[in-house]
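Here is what each chain is made of, one letter per residue.
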Amino acid sequence: MTAVDVRPPLVETRSLGKTFDTRKGLFGRLLVRGRHLIQALNNVNLTVDRGTTLGLIGESGCGKSTLARVLLRLQEPSRGRIIFDGEDITEAGPPRMRELRRRMQIIFQDPYASLNPRKTVEQIVSLPLRVHEKLARKATRDRVADMLERVGLKAAHLNRFPHQFSGGQRQRIGVARALILKPEFVICDEAVSALDVSIQAQILHLLQELGRDLKLTFLFISHNLSVVGYVSDRVAVMYLGEVVEIGPARAMLVDPRHPYTQSLLAAVPRLDAASGRRRTLLSGDLPSPLDPPSGCRFHTRCPHVMAHCRVAAPPLGELSAGHSVACHLYSGQRPAGEAS
Ligand code: SF4
């Protein structure tokens with residue numbers, strides 16, 4: 001999905017943060033005592049270059065989907081800035097966001113839940129067109145039929161309902177709905193996770209093809225490192241709401257530097273298990289974002305933890321061109337003589 005472009009990144013986040021207040025129930029009533037702030041995103045700095053795919057990986061609950069929703073302003077950020085095509089859209093009002101939304105779309109994980117079972121394929125895919133372009137009925141139908149063909153379905157499917165399709169076909173309908181307005185930026189939020197492996201490959205291939213043809217820029221979110229590595233130009237790894245490593249996909253897959261990325265890679269099943277390569281498997285669960293660990297958030301599970309990891313958060317520092325990591329092993333902050 002690579003195409004060289006010298007313009008500034010299409011999407012950029014600067015120190016982006018999102019905090020949820022769990023006390024706020026219906027009518028703002030106090031629901032819980034004690035700790036109540038969930039830090040879902042903390043100081044997230046990312047760029048997505050035009051015509052490229054940034055893969056975003058991390059365990060369930062690490063903040064990936066929150067980032068997707070905040071980027072599209074479906075949820076409001078608590079801190080930081082969101083820049084889209086050079087414009088700061090962090091506080092853009094509803095009319096401006098409505099204009100921008102046609103350029104930014106999302107494909108959801110669950111092709112069963114994300115399609116209205118009472119609507120036909122034509123009604124589902126044409127909805128964004130009806131909202132944003134208000135074309136005549138025939139022109140709308142032609143656009144939808146054309147898009148269905150592009151995603152590997154047929155015009156004959158226009159009057160069918162979602163339950164008449166397989167999982168892979170439903171996800172193709174989801175792709176058609178996301179692309180019908182010819183967006184520039186598409187977020188795939190676990191878009192193939194609910195599909196069988198063989199169908200996953202078909203949808204990934206379709207997304208790559210459409211990305212090339214329509215010059216799309218993707219943020220591809222998944223908990224599957226193999227899938228992300230397959231489709232991405234660059235990969236960012238997120239842990240408990242923070243980006244801990246980002247770099248070219250190949251470097252991230254062949255020589256990951258952050259202990260968390262190394263653990264994720266080690267967890268991928270390999271046929272050459274007897275090759276002798278050392279595997280550091282992750283133990284324990286993701287800590288609660290209600291009470292994140294002090295210092296480096298990964299220190300409670302890190303096999304290389306040092307004393308100061310527990311008190312000082314490592315900054316995201318560049319190791320080589322385009323490859324940055326947040327870890328004291330590389331930040332030069334390690335006190336002399338301390339054992340790892
Ligand atoms: Fe491990 Fe310390 Fe690096 Fe965190 S900063 S990943 S605890 S070595």
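No experiment lies behind these values; they were computed from the predicted model shown. Positions within a chain are numbered from 1, following the residues in the order the chain's sequence is written. Two thresholds apply to this predicted model, a pLDDT of at least 70 for residue-level local features and 80 or more for giving and counting side-chain atom pairs, whereas whole-chain, interface and lining totals are computed over all residues. Hydrogen atoms and water are omitted, and side-chain values are computed over all heavy atoms in the structure.

1. Re the overall build of the protein
Part 1: Per the secondary structure count, the protein includes 10 helices and 12 strands.
Part 2: Partly exposed describes any residue whose relative accessible area lies between the buried limit of under 20% and the exposed limit of over 50%, with all areas from a 1.4 Å probe on protein chains only and scaled to the type maximum. The buried share of the protein, reckoned over its 340 residues, is 47%.
Part 3: Contacts in the protein between residues far apart in sequence, at least 24 positions, make up 65% of those at least 6 positions apart.
Part 4: Accessible surface for the protein amounts to roughly 16,800 Å². Of this, 52% is attributable to carbon and sulfur atoms. Secondary structure counts use DSSP, requiring at least four H or I residues in a row for a helix and at least two E residues in a row for a strand, with both numbered from the N terminus. Should any heavy atoms of two residues lie within 4.5 Å, those residues are considered in contact. Exposure was quantified through the Shrake-Rupley algorithm and a 1.4 Å probe, taking into account, for residues, occlusion by the shown protein chains and nothing else.

2. As for the confidence of the model for the protein
Part 1: Overall, the predicted model of the protein reaches an average pLDDT of 87, with 88% of residues at or above 70.
Part 2: In the model of the protein, helix α7 (residues 225–231) stands out as the element of lowest mean pLDDT, 87, in contrast to strand β4 (residues 79–84), which has the highest, 97.
Part 3: pLDDT: the predictor's confidence for each residue, scored from 0 to 100. Below a pLDDT of 50 lies the segment residues 333–340, which in the model reaches 14 contacts outside its immediate sequence neighbourhood of four places, other chains included.

3. Description of the site of the ligand
Part 1: We call a residue near a molecule or strand when any one of its heavy atoms sits within 4 Å of it. Taken together, the residues surrounding the ligand are His-258, Pro-259, Cys-296, Phe-298, His-299, Cys-302, His-304, Cys-309, Pro-314, Cys-327, His-328 and Leu-329.
Part 2: Residue type decides the class: Asp, Glu, Lys and Arg count as charged, Ala, Val, Leu, Ile, Met, Phe, Trp, Tyr, Cys and Pro as nonpolar, and the leftover types, Gly among them, as polar. Its residues placed into classes, the shell around the ligand shows eight nonpolar, four polar and no charged.

4. Remarks on the packing of aromatic side chains
Part 1: Any two of the Phe, Tyr and Trp rings considered here, Trp counted by its six-membered ring, make a pair once their centres fall within 6.5 Å; the pair's planes then place it as stacked at under 30 degrees, edge-to-face at over 60, or tilted in between. As enumerated under the stated definition, the model contains three aromatic pairs in all.
Part 2: Measuring from centroid to centroid gives 5.0 Å for Tyr-239 and Phe-298, while their planes differ by 85°, and the two rings are edge-to-face. Taken together, the positions of Tyr-239 in strand β9 (residues 234–239) and Phe-298 in the loop between α9 (259–266) and β11 (317–320) put the pair 59 residues apart, joining distant regions of the chain.
Part 3: Site record: aromatic cluster; members linked through ring pairs are Tyr-239, Tyr-260 and Phe-298.

5. Points about the sheet that holds β4
Part 1: A pair of strands counts as paired when DSSP detects no fewer than two bridges linking them. Taken together, the four strands give an open sheet; going across it, the order is β2-β1-β4-β5, and neighbouring strands pair in antiparallel fashion. Since the sheet does not close on itself, it has two edges, and those belong to β2 (37–48) and β5 (87–88), each with one partner.
Part 2: Strand contacts of helix α1 (residues 64–71): β1 (11–21), β2 and β4, with the helix running at about 115° to β1, the strand carrying the most contacts. Every axis in this analysis is a line fitted to C-alpha atoms, fitted for helices over the stretch in contact. Angles between the N-to-C directions lie between 0 and 180 degrees.

6. Focus: the packing of helix α3 (residues 121–132) against helix α4 (residues 137–150)
Part 1: Their axes nearest at 10 Å, the elements α3 and α4 cross at an angle of 110°. Comparing the axis directions of α3 and α4 gives the class roughly perpendicular. Mapping the contact onto sequence places Val-121, Glu-122, Val-125, Ser-126 and Leu-129 in α3 and Arg-137, Thr-140, Arg-141, Arg-143, Val-144 and Leu-148 in α4.
Part 2: Looking at the contact of α3 with α4 residue by residue, the class counts come to five nonpolar, two polar and four charged. If an angle is under 35 degrees, it is roughly parallel; if it is over 145, roughly antiparallel; if it lies from 65 to 115, roughly perpendicular; otherwise it is oblique.

7. Brief notes about α4
In an α-helix, one full turn covers 3.6 residues, which means residues spaced three or four apart are oriented alike.
Part 1: Given the number of residues in a helix, its expected span is that number minus one, multiplied by 1.5 Å. For α4, spanning 14 residues, the distance from its first C-alpha to its last is 20 Å, which sits close to the expected 20 Å at 1.5 Å a residue.
Part 2: Against the buried residues of α4 lie α3 and α5 (167–179).
Part 3: Of the residues one or two after α4, Gly-152 is the one with positive phi, at around 90°.

8. A few points about the sheet that holds strand β3 (residues 53–57)
To summarise the sheet geometry, strands pair through backbone hydrogen bonds and adopt either a parallel or an antiparallel arrangement.
Part 1: An order of β6-β7-β8-β3-β9-β10-β12-β11 is seen for the eight strands of this open sheet, with the pairing classed as mixed. The open sheet has two edge strands, β6 (104–107) and β11, and neither has a second partner. With strand direction ignored, the average angle separating the axes of adjacent strands in the sheet is 25°.
Part 2: Of the pairings in the sheet, the one linking strand β7 (residues 185–189) to strand β8 (residues 217–222) comprises five bridges and is parallel in character. Bridged to Ile-187 within β8 is Leu-219.
Part 3: Helix-sheet contacts for α5 involve β6 and β7, and the interaxial angle to β6 is about 175°.
Part 4: Against the sheet, helix α6 (residues 197–214) engages β6, β7 and β8, with an angle of about 160° to β8.

9. Description of the pattern of salt bridges
Think of it this way: side chains of opposite charge can pair up when their charged atoms draw near.
Part 1: Criterion for a salt bridge: a side-chain nitrogen of Lys or Arg within 4 Å of a carboxyl oxygen of Asp or Glu. Enumeration according to the criterion identifies 17 salt bridges in this entry.
Part 2: For the salt bridge of Arg-81 with Glu-91, the shortest nitrogen-to-oxygen distance reads 3.5 Å. Within this pair, whereas Arg-81 is found in strand β4, its partner Glu-91 is found in the loop between β5 and α2 (94–101), the two being separated by 10 residues in sequence.
Part 3: The exposed category is assigned to Glu-91, whose relative accessible area is 64%.
Part 4: Where Arg-143 meets Glu-133, a salt bridge forms, and the shortest distance between an N and an O atom there is 3.1 Å. Within this pair, whereas Arg-143 is found in helix α4, its partner Glu-133 is found in the loop between α3 and α4, the two being separated by 10 residues in sequence.
Part 5: Note on Arg-143: relative accessible area 21%, which makes it partly exposed.
Part 6: Under the relative-accessibility criterion, Glu-133 is labelled partly exposed at 23%.

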